[in-house]
Amino acid sequence: MKYLRSLLILVGLFLIAFIGFMLVKTMLVKSSQSTVASIPPIEVSPDAKKHLAEAIQFKTISNLDPSLIDSTEFAKLKSWISDTYPMVDSLLEKLIFEDYAHLYRWEGKNKDLAPVVLMGHMDVVPVPEENLPFWKQDPFGGVIADGDIWGRGAIDDKINVIGLLEATEMLLKKDFQPERTIYLAFGHDEEVSGKRGAKMIVDHLKSEGVRPDFVLDEGYTLTKGLVPGMDKQVALIGIAEKGYLTVRLSAEVEGGHSSMPGKETAIEVISQAIYRLEEHPFPERISYPVKAFFRNLGPEMPFVNKMAFGNFEVFKPLILSTYRSSNAGAALIQTTMVPTIFHSGVKDNVVPLKANVTFNFRLLPGDSMETVMAHLKKWVKDDRVSFQVLQYQAPSVVSDDNSWGYEQLDKSIKEVFPNTLTSPNLVIGGTDSRHFQEITNKIYRFAPYQLTPETLSMFHGLNERISVSDFDNAVRFYVRLMENLGD
Ligand SMILES: [Zn+2]
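Residues numbered from 1 in each chain as written. Predicted model: local features only at pLDDT ≥ 70, side-chain atom pairs only at ≥ 80, totals over all residues. Heavy atoms only, no water.

Peer 1: I keep staring at the packing of aromatic side chains and nothing clicks. Help me out?
Peer 2: Here the distance between the centres and the angle between the planes together describe a pair of aromatic rings. Overall, the coordinates contain 19 aromatic pairs when judged by the stated rule. Ring geometry for F417 versus F477: centroids 6.5 Å apart, planes at 35 degrees, classification tilted. Pair noted here: F417 is in the loop between α13 (404-416) and β13 (420-427) and F477 is in helix α14 (residues 468-484), with a separation of 60 residues, a long-range link. Residue classification places F417 among the buried residues on the basis of a relative accessible area of 7%. A residue is classified by how much of its surface remains accessible, and F477, at 0% relative accessible area, is buried. Through pairs of rings, three or more aromatic residues link up here, namely F293, F294, F309, F312 and Y323. (Phe/Tyr/Trp six-rings, centres within 6.5 Å; stacked < 30°, edge-to-face > 60°. Helix = DSSP H or I, 4+ residues; strand = E, 2+ residues; numbered from the N terminus. Buried < 20%, exposed > 50% of the residue type's maximum accessible area, 1.4 Å probe, protein only.)

Structure, rendered in structure tokens:
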């Protein structure tokens, strides 16, 4: 009895000490945010919004098969750019690749400084006919209504192409010359691989020996309400993107008749394989970009969340379960897999001899085709199943979040968007910028407009639009960034 009491007291004291330790640790958590003073709003021409609306009217829909694109729409956008931005067109060096991809070179004052590449893509995804009735405005009408610029490309990605052109034209009008050379790179097939646009641009830069200090492309944005536990506006800067792998699993079995079937058909063999894989997902793992994300935003959170991040190892299971609970969160902490195509069977009374399923994987930094294939073979454990890799893109390199380039982005964001926190993060989709890995190891993925849980669905979705004030701010951001790209 006495012993039990002493033990309880001991446990109690230990708990108090432990909680005290965690509280002290929480209070010692320091913000890693830079303090940057905001600047007064830069004046943006009232024509800027009209320009974005006009650019949306060109149906620059890309297609994997280049013979299926409407080349007149791409040609019209190309000549519209020349007409609308006469100073950009005449004062910058311009190169066109595969008829439509644009590369502008804006010579800097100081030739010793490595150049910077600012990207956007001119193509858009289609609007399926059956979705048209759900659009409140014509997706290619270029309508400005209720303070919004409507249409396909408003956020993906004409906002960046037009924002960059608008900023450059504005600065040229003021006789501004950048300190270091700036390239503007606009591909025309990002939505279908970027092999004819961005890739050709990179091949050219590589042949010229250009080694950019950094590259900026789309990927993340300003966010509000998208980071769990955070109500301030957060600018996420993608410092890496996940890899992409598609594998087909096929099975072949002996024939038979449906009136006296064998033990297992090909469908059952493949179903078993799918089941075993679903039972054995890839282990959860915090990659460097996500670790940096926790480190940058943890200290900014309300006390309870801050305590969790301040005592990460203790609260790791809780933090992981919060991220696991949403699809987007789960994708940040795991190599994901999903069966996307299934084929088998031809007739109701014929036993299928063959079946196959196609899986799509998105790989965390650190994973590779080899690690995924090893996982598949380990858990499928069936010699009748064969594997065929259909497509592979390794995870990107992880860019330095302590570099000069990152700092300029952080500074420009905070100058133009007051009360905004910044943080690195991992991009779960793919962007054109991956092609630039051949010539630089610093690629940042950030577009200067806000996304919320409500507007997230506009991506490749319905009623894509951007508010006029958000677009003006995007132009301001690019102006400021170009001014900040000195030394
Ligand atoms: Zn895009």
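Peer 1: Teacher, can you tell me more about the packing of helix α2 (residues 47-56) against α14 here?
Peer 2: Where α2 contacts α14, the axes come no closer than 10 Å and their chain directions differ by 100 degrees. As judged from the angle between their axes, α2 and α14 are roughly perpendicular. The residues of α14 that touch α2, namely those facing A48, K49 and L52, are V468, F471 and D472. Across the contact of α2 with α14, the residue classes tally to four nonpolar, no polar and two charged. (Axes fitted to C-alpha atoms, helices over the stretch in contact; angles between N-to-C directions. Parallel < 35°, antiparallel > 145°, perpendicular 65-115°, else oblique. Contact = heavy atoms within 4.5 Å. Nonpolar A, V, L, I, M, F, W, Y, C, P; charged D, E, K, R; others polar.)

Peer 1: Please clarify how the sheet that holds strand β12 (residues 385-393) should be interpreted in this entry.
Peer 2: Within a beta sheet, neighbouring strands are joined by backbone hydrogen bonds and run either parallel or antiparallel to one another. Strand order in the open sheet formed by four strands is β10-β11-β9-β12, with antiparallel pairing between adjacent strands. Where the open sheet ends on each side, the last strands, each with one partner, are β10 (336-344) and β12. Neighbour to neighbour, the strand axes of the sheet diverge by 20 degrees on average, direction disregarded. Sitting on the sheet, helix α7 (residues 266-279) touches β9 (243-252), β10, β11 (354-363) and β12, and the angle it makes with β11 is about 20 degrees. Across the sheet, helix α12 (residues 369-380) touches β9, β11 and β12, and the angle it forms with β12 is around 160 degrees. (Pairing = 2+ DSSP bridges.)

Peer 1: What's the story with the coordination of the zinc ion in this structure? I'm lost.
Peer 2: For the zinc ion, every protein donor is listed as H121 (NE2), D156 (OD), E218 (OE) and E218 (OE), and the spread of their distances is 2.0 to 2.4 Å. Considering all four donor atoms around the zinc ion, angles at the metal cover 54 to 148 degrees and the coordination shape is irregular. Written as a sequence motif, the donor arrangement for the zinc ion is H-x34-D-x61-E. Placement of the pair is H121 in strand β3 (residues 116-121) and E218 in strand β7 (residues 214-223), with a sequence separation of 97 residues. Residue class for H121 comes out buried when judged on its relative accessible area of 0%. (Donors = N, O, S within 2.8 Å, 3.2 Å for Na, K, Ca; no water. Tetrahedral: all angles 85-135°; square planar, octahedral: opposite > 155°, others 65-115°.)

Peer 1: Even after reading the chapter, I still don't get the sheet that holds strand β4 (residues 144-145), so can you show me in this structure?
Peer 2: Taken together, three strands build an open sheet; the order of strands is β4-β5-β15 and the sheet is antiparallel. Strands with a single pairing partner mark the edges of an open sheet, and in this sheet they are β4 and β15 (465-467). The pairing of strand β5 (residues 148-150) with β15 spans three bridges and is classified as antiparallel. By the bridge assignment, W150 is partnered in β15 with R465. Sheet contacts for α2: β4, β5 and β15; angle to β5, the most-contacted strand, approximately 20 degrees. Where α14 meets the sheet, its contacts fall on β4, β5 and β15, and the angle it forms with β15 comes to roughly 80 degrees.

Peer 1: It is not clear to me how the domain arrangement of the chain should be interpreted in this structure. Could you clarify?
Peer 2: One widely used convention gives an interface's size as the accessible area the parts lose upon coming together. Domain boundaries assigned for the chain yield domain 1 (47-240 + 396-484) and domain 2 (243-393). The gap between the C-alpha centroids of domain 1 and domain 2 is 32 Å. Of the residues lining the interface, 21 residues belong to domain 1; the matching set on domain 2 comes to 22 residues. When domain 1 packs against domain 2, close to 1700 Å² is buried across both sides, 68% of that on carbon and sulfur atoms. Joining domain 1 to domain 2, the criterion identifies one salt bridge. D401 is the salt-bridge partner of R295, the closest N and O atoms lying 3.2 Å from each other. Mapped by element, the contributors of at least two residues to the side of domain 1 that touches domain 2 are β8 (233-241) and β13. In terms of residues, the side of domain 1 that touches domain 2 owes the most to one element, β13, which gives six residues. Split by residue class, the side of domain 1 that touches domain 2 holds 13 nonpolar, five polar and three charged. (Domains from an automatic or database assignment. Buried area = accessible area lost by both parts, 1.4 Å probe. Salt bridge = Lys/Arg side-chain N within 4 Å of Asp/Glu carboxyl O.)

Peer 1: Would you mind showing me how to read helix α3 (residues 71-84) here?
Peer 2: Since the α-helix packs 3.6 residues into each turn, any two residues three or four apart lie on the same face. Its 14 residues give α3 an end-to-end C-alpha distance of 20 Å, which sits within 8% of 20 Å, the value for a rise of 1.5 Å per residue. For α3, the set of buried residues is E73, F74, L77, W80, I81, S82 and T84. Buried residues belonging to α3 abut α2, α4 (86-91), β1 (93-97), β2 (101-106) and α5 (158-173). (Expected span 1.5 Å × (residues − 1).)

Peer 1: Honestly, the environment of L64 in this entry has me stumped. Any pointers?
Peer 2: With respect to the secondary-structure elements, L64 resides in the loop between α2 and α3. Sequence separation between L64 and Q272 is 208 residues; the distance between their C-alpha atoms is 34 Å.

Peer 1: Sorry if this is basic, but what is going on with the pattern of salt bridges here?
Peer 2: Oppositely charged side chains can pair when the atoms bearing their charge come close. Following the criterion strictly, the structure yields 22 salt bridges and no others. Ionic pairing is found between R384 and D382, a salt bridge with its closest N-O pair at 3.0 Å. Judged by its relative accessible area of 36%, R384 is partly exposed. Looking at D382, the relative accessible area reads 15%, which means it is buried. One salt-bridge network, in which partners are shared between bridges, spans E93, R105, E107 and K111.

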